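So you can see what is in the structure, the chains are spelled out below.
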Amino acid sequence: ASEAQLRFWRMRDHNFRYGLQSLKHKEKVISAMPESSAEDRANAHLAIADWYQWHRRYAPAIRIYREAWAIMESEPGKEDWYAKTFGEPLELPEETVFNPGAVPVGTTKLAEVVIDFAVSRHGEAVDIDITTDATGEDAKSAINRAYRYLRSVRFRPKLQDGNVVVAQNMHRTYKIRY
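Residues numbered from 1 in each chain as written. Predicted model: local features only at pLDDT ≥ 70, side-chain atom pairs only at ≥ 80, totals over all residues. Heavy atoms only, no water.

**Student:** Where do I start with the packing of helix α2 (residues 38-54) against helix α3 (residues 58-71) in this structure?
**Tutor:** Geometrically, a packed helix pair is captured by the angle between its two axes and the distance between the axes. As a packed pair, α2 and α3 sit with axes 8 Å apart at the nearest point and diverge in direction by 170°. Relative to α3, the element α2 lies roughly antiparallel. Mapping the contact onto sequence places Ala38, Arg41, Ala42, His45, Leu46, Ile48, Ala49, Asp50, Tyr52 and Gln53 in α2 and Tyr58, Pro60, Ala61, Ile64, Tyr65, Glu67, Ala68 and Ile71 in α3. The class makeup of the residues in the contact of α2 with α3 is 13 nonpolar, two polar and three charged. (Axes fitted to C-alpha atoms, helices over the stretch in contact; angles between N-to-C directions. Helix = DSSP H or I, 4+ residues; strand = E, 2+ residues; numbered from the N terminus. Parallel < 35°, antiparallel > 145°, perpendicular 65-115°, else oblique. Contact = heavy atoms within 4.5 Å. Nonpolar A, V, L, I, M, F, W, Y, C, P; charged D, E, K, R; others polar.)

Okay, structure coming up:
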């Protein structure tokens, strides 16, 4: 590997480690607060699982998603929390800064692309079907970018009864800059 690649790997590992450390510290603080609710604790746990998931560390992510589910198991209102949190896959990271199509500077064209797909247990888009009609070179470019984008995104997986399941029949419209 080149020196640049080695530096990148070190930086990526450093970011993962310190991000995880911060999230675990947040979870400790929330757990130590007597007024924190089970939902607060579950959401802090969920943030750690999402961090693992986003960094493609699936086994710990799945385990921690199950633990977050279990935290809410005996709580009133758990069904609403389960539906909101695990009812359908969510693009990660859960942050408005990372909305698809919102960032790339220097791009001049914007397209809406409709995509049907499934989300695997590991939070990856599979069985991707772009349903937007592709006419012209510009549309094909947007569709190609949308496909590559969706393949690179990680999703919080769907859970049913505390178990991670494949989410079928996902339908999304993405705004893609190209």
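We are not done yet, so read on.
**Student:** Can you walk me through the nonpolar core in this structure?
**Tutor:** Soluble, globular proteins show a tendency: their nonpolar side chains are buried together. Counting 23 residues, the largest nonpolar core has Tyr52, Tyr65, Trp81 and Phe86 as its most contacted members. Of all the elements in the fold, those that place two or more residues in this core are α1 (3-32), α2, α3 and α4 (78-86). A total of seven residues in this core trace back to one element, the largest contributor, which is α2. Look past the residues within four positions of Phe86 in its chain and what remains in contact with it is Leu46, Tyr65, Trp69, Trp81, Arg156, Pro157, Lys158 and Leu159. Ile115, Leu150, Ala167 and Met170 belong to the second largest nonpolar core, which has 19 residues in total. (Core = buried A, V, L, I, M, F, W, Y, C linked by side-chain atoms within 4.5 Å. Buried < 20%, exposed > 50% of the residue type's maximum accessible area, 1.4 Å probe, protein only.)

**Student:** So what exactly am I meant to see when it comes to the environment of Ile48 here?
**Tutor:** Tracing the chain through its elements places Ile48 in helix α2. The exposure class of Ile48 is buried, given its relative accessible area of 3%. Beyond its immediate chain neighbours, meaning those up to four positions away, Ile48 contacts Leu20, Leu23, Lys24, Glu27 and Ile64.

**Student:** What is the right way to look at the side chain of Gln53 in this model?
**Tutor:** Looking at the element boundaries, Gln53 is found in helix α2. Setting aside its immediate chain neighbours within four residues, Gln53 contacts Tyr58, Ala61, Tyr65, Leu92, His122, Gly123, Arg154, Phe155 and Pro157.

**Student:** What is the right way to read the confidence of the model for the protein chain from this model?
**Tutor:** Caution applies to low-pLDDT regions: their predicted coordinates should not be interpreted in detail. For the protein chain, mean pLDDT is 88; residues scoring 70 or higher make up 90% of the total. This stretch, residues 100-105, has a pLDDT under 50; its non-local contacts, to residues over four places away or in other chains, come to nine contacts. (pLDDT = per-residue confidence, 0-100.)

**Student:** Hey, could you run me through the sheet that holds strand β2 (residues 110-119) in this one?
**Tutor:** One key point about sheets: their strands pair by backbone hydrogen bonds, in either a parallel or an antiparallel sense. Strand order in the open sheet formed by three strands is β3-β2-β7, with antiparallel pairing between adjacent strands. On the outer flanks of this sheet lie β3 (125-130) and β7 (167-177), each paired with one strand and no other. In this sheet, neighbouring strand axes are inclined to one another by 30° on average, regardless of whether the strands run parallel or antiparallel. Here four bridges tie β2 to β3, and the two strands are oriented antiparallel to one another. Bridging across to β3, Val119 finds its partner in Ala125. (Pairing = 2+ DSSP bridges.)

**Student:** Just checking my understanding: could you explain the environment of Glu88 for this structure?
**Tutor:** Its location among the elements puts Glu88 in the loop between α4 and β1 (90-92). Linking Glu88 and Lys78, residues ten residues apart in sequence, is a C-alpha distance of 16 Å. Here the side chain of Glu88 touches Arg172 through a polar contact of 3.3 Å, side chain to side chain. (Polar contact = N/O pair within 3.5 Å; in protein donor to acceptor, adjacent residues only side chain to side chain.)

**Student:** Which parts of the structure should I look at to understand α2?
**Tutor:** Helix length check: α2 (17 residues) gives 24 Å between terminal C-alpha atoms against 24 Å at 1.5 Å per residue, within 8%. Those residues of α2 lying buried are Ala38, Ala42, Ala44, His45, Leu46, Ile48, Ala49, Asp50, Trp51, Tyr52 and Gln53. Against α1, α3, α4, β1 and β4 (154-156) lie the buried residues of α2. At the exit of α2 stands Arg56, carrying a positive phi of roughly 60°. (Expected span 1.5 Å × (residues − 1).)

**Student:** It is not clear to me how the pairing of β2 should be interpreted in this structure. Could you clarify?
**Tutor:** Two faces make up the sheet, and in a regular strand the side chains alternate between them. Where β2 lies against β7, nine bridges are found, and the strand directions are antiparallel. Residue pairing in the sheet places Phe117 in a bridge with Met170 of β7. The antiparallel pairing of β2 with β3 creates a hairpin that spans five residues between the two strands, and Gly123 there sits at a positive phi of about 80°.

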